[in-house]
Amino acid sequence: MGNYLVAMEAAWLVRDVEEIDDAIGVAVSEAGKRLNSEDMDYVEVEVGATGCPACGEPFDSAFIAADTALVGLGLEMEVFNADSEEHASRIAKSEVGGALRDVPLSVVEVIEAPDDDE
């Protein structure tokens, strides 16, 4: 059994918004409220990053069209005592997905945490 850090991304819709910064703020705030209402304040929420297709430099994952934004959120949580990376991934996706119903969610990275007693 091991401990893992699981990184996920979520696609968050924000309606009636005109500025990217406003959309990002609303998305992070709404996701945080939904997670906190389920006592999941251990899940880290931040805006995701997308690589520029021309230069490769990362920029905030947010796009606005017709006053509706799609914001890519990065979510991280630690999973303790999982059997494998796959098991940790399923646990994290199940927990976060339960709190963020109807929000597209995918696991992007699973990292095994070092044991503290070594």
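Residues numbered from 1 in each chain as written. Predicted model: local features only at pLDDT ≥ 70, side-chain atom pairs only at ≥ 80, totals over all residues. Heavy atoms only, no water.

- As named in an unreviewed UniProt entry, the chain is UPF0212 protein ACFO5R_16895, taken from Halosolutus amylolyticus.
- Recorded in UniProt for the chain, the comment headed Sequence similarities (unreviewed entry) runs: "Belongs to the UPF0212 family." (UniProt positions renumbered as here; feature names shortened; annotations may be inferred.)

1. Some details on the pattern of salt bridges
- Counted by the stated rule, this structure contains 1 salt bridge.
- A salt bridge links Glu86 to Arg90, with the nearest nitrogen and oxygen atoms 3.7 Å apart. Taken together, the residues Glu86 and Arg90, both in helix 2 (residues 85–99) and 4 residues apart, mark about one turn of the helix.
- For Arg90, a relative accessible area of 48% gives the class partly exposed. (Salt bridge = Lys/Arg side-chain N within 4 Å of Asp/Glu carboxyl O. Helix = DSSP H or I, 4+ residues; strand = E, 2+ residues; numbered from the N terminus. Buried < 20%, exposed > 50% of the residue type's maximum accessible area, 1.4 Å probe, protein only.)

2. Section: helix 1 (residues 20–37)
- End to end, helix 1 covers 26 Å across 18 residues, agreeing with the expected 26 Å (1.5 Å per residue, within 8%).
- Within the sequence span of helix 1, burial applies to Ala23, Ile24, Ala27, Ala31, Gly32 and Leu35. The buried residues of helix 1 all sit within an arc of 155° when viewed along its axis, so they share a single face. What points out from helix 1, more than 90 degrees from its buried face, is the exposed set Asp21, Lys33 and Ser37.
- Tucked into the core, helix 1 has its buried residues touching strand 1 (2–15), strand 2 (44–47), strand 4 (58–60), strand 5 (62–65), strand 6 (68–82) and helix 2.
- Downstream of helix 1 by a residue or two, Asp39 has a phi angle that is positive, lying close to 60°. (Expected span 1.5 Å × (residues − 1). Arc of directions from axis to C-beta. Contact = heavy atoms within 4.5 Å.)

3. What about the layout of surface pockets?
- Taken as a whole, the largest pocket spans an internal volume of roughly 180 Å³.
- Lining the largest pocket are 14 residues, with Met8, Gly48, Ala49, Leu73 and Gly74 positioned closest to its centre.
- Elements that contribute at least two residues to the lining of the largest pocket include exactly strand 1, strand 2 and strand 6.
- No other element matches the 5 residues that strand 6 contributes to the lining of the largest pocket.
- Residue composition of the lining of the largest pocket, by class: 7 nonpolar, 4 polar and 3 charged. (1 Å grid on protein atoms, 1.4 Å probe; cavity = no way out; pocket = protein on both sides within 12 Å on 5 of 7 lines; lining within 4 Å. Points joined across faces, edges and corners; volume = space filled by probe spheres on them. Nonpolar A, V, L, I, M, F, W, Y, C, P; charged D, E, K, R; others polar.)

4. A short note on the environment of Leu75
- The topology assignment puts Leu75 in strand 6.
- For the pair Leu75 and Ala7, spaced 68 residues apart in the sequence, the C-alpha separation amounts to 5.7 Å.
- Not counting residues within four places of it along the chain, the set of residues in contact with Leu75 comprises Val6, Ala7, Met8, Ala10, Val43, Glu44, Val45, Val96, Leu100 and Leu105.

5. Examining the side chain of Ser61
- In this structure, Ser61 sits in the loop between strand 4 and strand 5.
- By relative accessible area, Ser61 is classed as buried at 13%.
- Of the polar contacts made by the side chain of Ser61, one reaches the side chain of Thr50; its length is 2.4 Å.
- Ignoring anything within four residues of it in the chain, the contact list for Ser61 reads Val47, Gly48, Ala49, Thr50, Leu70, Val71 and Gly72. (Polar contact = N/O pair within 3.5 Å; in protein donor to acceptor, adjacent residues only side chain to side chain.)

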